[in-house]
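Working through the structure, step by step
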Amino acid sequence: MSAEELLLSNTALLSEETGGGRLNVSWQVVQYVPLTSTGRVQSVALADCVGASAERSELVLHCVTLHGGGCLGSPHREPSQARMPCRDGGQAERWAAAVWNIMHGVAPDAPPPRQKRWLVLINPVSGPGHARRVYARCRPLFEAHRVALTEVVTTHAGHVREIAAQIEPAEVDAVVCVGGDGVVHELVNGLFAREDADAAVSALSIGVLPGGSANSLCVSLLKANNEKSDSRRSKGGAVGEDDDSPAEGRLLHGFLSMEWAFAADLDLGLEHLRWLGSPALWLMLAQRQYAGGLRFKPKGSEAWRTLEAPFFSVWACNTRWPTTSTQLNWAHLGLVKDSALSTFVDLTSGKHAEAPFLEYVKATEIELDPQPRTAEQPGMLAIDGELVPYASTHISVLPGKLHVLGAVKGGGGDACE
Ligand SMILES: Nc1ncnc2c1ncn2[C@@H]1O[C@H](COP(=O)(O)OP(=O)(O)OP(=O)(O)O)[C@@H](O)[C@H]1O
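Here we summarise the structure given alongside this text.

Calculation rules
Residues numbered from 1 in each chain as written. Predicted model: local features only at pLDDT ≥ 70, side-chain atom pairs only at ≥ 80, totals over all residues. Heavy atoms only, no water. Helix = DSSP H or I, 4+ residues; strand = E, 2+ residues; numbered from the N terminus. Contact = heavy atoms within 4.5 Å. Areas by Shrake-Rupley, 256 points an atom, 1.4 Å probe, with all protein chains shown as cover. Core = buried A, V, L, I, M, F, W, Y, C linked by side-chain atoms within 4.5 Å. Buried < 20%, exposed > 50% of the residue type's maximum accessible area, 1.4 Å probe, protein only. Salt bridge = Lys/Arg side-chain N within 4 Å of Asp/Glu carboxyl O. Phe/Tyr/Trp six-rings, centres within 6.5 Å; stacked < 30°, edge-to-face > 60°. Lys NZ or Arg CZ within 6 Å of the ring centre and 35° of its normal. Pairing = 2+ DSSP bridges. Expected span 1.5 Å × (residues − 1). Bend = angle between axes of the 7 residues up to and from the residue.

Take the overall build of the chain next. For the chain, the helix and strand inventory stands at 10 helices and 21 strands. Contacts spanning at least 24 positions in sequence make up 64% of the contacts within the chain whose residues lie at least 6 apart. About 20300 Å² of surface is accessible on the chain, with carbon and sulfur atoms providing 53% of the total.

Below you can see the structure in the form of structure tokens.
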């Protein structure tokens, strides 16, 4: 037995003989220690556990365990089950109930936590059209997590916004989007458009399963945990037009980013040329420079700071990735003033934030007045990867407004929230 396991048997919240061995559980680990030295000791971290159930005389722990890492690439999670033998069905039932409570931070013999109610919105045409398949893989984990599920497959662009207007916050705990960032963007703006926006946004959590093409929110959440998402670039799946795109002068809520110049051109303007690969696209864009006004309020200051054109790329984001900050109370504003291509290639690692050609600041407010690059191709501006009018834009950061479901680094008792 390892030192950690020995320690557990001394610090267990609950410990019981099963006949063939002993079950122990602490706030962090469930452990089965067989009586015979030939039997296998099993230890399961509760941080990897999404559910506990009883099957005949076995305690079944439903897990999403980490695989890979190091030379095997980024770690990623796979569903798995750990089965621990009990004396009989009754003991298995009691242990399943106790472990479920402990996963939620309550005493083993306390009344069970209230069942969560999740509304799942599946966009069948997002990205490469795999959303239904992605959800079918994840559904058993939601069931193991004892969530009451209401599922809606979206039928048209704008459907999520319509649903967001009608959600009854007292009847739903979380809305899980199976699709790309566009669906989350629609949901967020649908919620903020409600008369009771503040109450609705603070009552509901938002979840996302990666079914889109970029899945930036998912990638950001998992990268914060140093894990890998199953995201792919679109292979050309059809996506409908959203008639509800913002008009000039309208308030819009973003959860991810504001992109201007190179970043927006690369993301939105050249989708049809993505087959060329990133280096070729960067070379095409390297000569582009943009004029415009850009000022911002640095974190901790009331004085505005102005930056001088020309710009190559401007990117403001409010996620943990690609930077490593754990505070989300400001936008990370990255300004590339030269097309230093060789270093920019490192975009996905986040190292570009430290690159000498990039000015990186933390801002609480940003004002952008983009000027046309040429009459034919003025340029693009995007919020959360969605095209918005190429016009003067004011951005304010709303700290801690949204609650997002995601794995908690180092555990915390509930791997699903
Ligand atoms: N049934 C549907 N038919 C047509 N369009 C839809 C349908 N359901 C949702 N949409 C629209 O699809 C758009 C894009 O969806 P989504 O974000 O899921 O995919 P994506 O754009 O491929 O992914 P990403 O944003 O990660 O690049 C949304 O803005 C939404 O309005």
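That shown, we press on.
With that out of the way, let us pick up the nonpolar core. Counting 23 residues, the largest nonpolar core has Leu-119, Ile-167, Val-175, Val-184, Leu-187 and Leu-191 as the members making the most contacts within it. Looking at this core, the elements with two or more residues in it are β8 (117-122), α4 (159-166), β10 (174-179), α5 (181-192), β11 (205-210) and α7 (216-224). It is α5 that contributes the most residues to this core, six residues altogether. Among all residues touching Leu-119, those that are not within four sequence positions of it are Thr-150, Val-152, Ile-163, Ile-167, Val-172, Ala-174, Val-175 and Val-176. Counting residues in hydrophobic clusters, the runner-up holds 21 residues, among them Leu-59, Cys-63, Ala-82 and Ala-92.

Note on pairing: side chains with opposite charge can pair once their charged atoms come close. Tallying each qualifying case throughout the model produces 15 salt bridges. Among the salt bridges present, the one from Arg-137 reaches Glu-78, with a minimum N-O distance of 3.8 Å. In this pair, Arg-137 is assigned in helix α3 (residues 131-144) and Glu-78 in strand β7 (residues 76-85), connecting sequence segments 59 residues apart. Arg-137 gets classed as exposed once you look at its relative accessible area, which sits at 54%. Across the pair Arg-295 and Glu-367 runs a salt bridge, and its minimum N-O distance is 2.9 Å. On the criterion of sequence distance, the pair formed by Arg-295 in strand β13 (residues 292-298) and Glu-367 in strand β17 (residues 358-370) is long-range, its members being 72 residues apart. Of the residues examined, Arg-295 reaches a relative accessible area of 31% and is grouped as partly exposed. For Glu-367, a relative accessible area of 25% corresponds to the partly exposed category.

Scanning the model with the defined rule gives four aromatic pairs in all. Arranged with centres 5.8 Å apart and planes meeting at 65°, the rings of Trp-260 and Tyr-290 form a pair that is edge-to-face. On the criterion of sequence distance, the pair formed by Trp-260 in strand β12 (residues 257-261) and Tyr-290 in the loop between α9 (278-285) and β13 is long-range, its members being 30 residues apart. For Tyr-290, a relative accessible area of 1% puts it in the buried group. An aromatic cluster is built from Trp-118, Tyr-135 and Phe-142, whose rings are joined through pairwise contacts. Across the ring face of Trp-100, the terminal group of Arg-146 is positioned such that the distance to the ring centre comes to 4.3 Å.

Right, let's talk about the pairing of strand β15 (residues 313-317) for a bit. Among the five residues that make up β15, four are buried, leaving the element largely enclosed by the rest of the structure. With five bridges joining them, β12 and β15 adopt antiparallel strand pairing. Directly across from Glu-259, in β15, lies its bridge partner Trp-315.

The subject of this paragraph is α3. The terminal C-alpha atoms of α3 lie 20 Å apart, and with 14 residues this matches the ideal 20 Å at 1.5 Å per residue to within 8%. A maximum bend of about 35° is found in α3 at Cys-138, where proline Pro-140 lies one to four positions downstream. In the stretch just after α3, Arg-146 is the one whose phi turns positive, near 60°.

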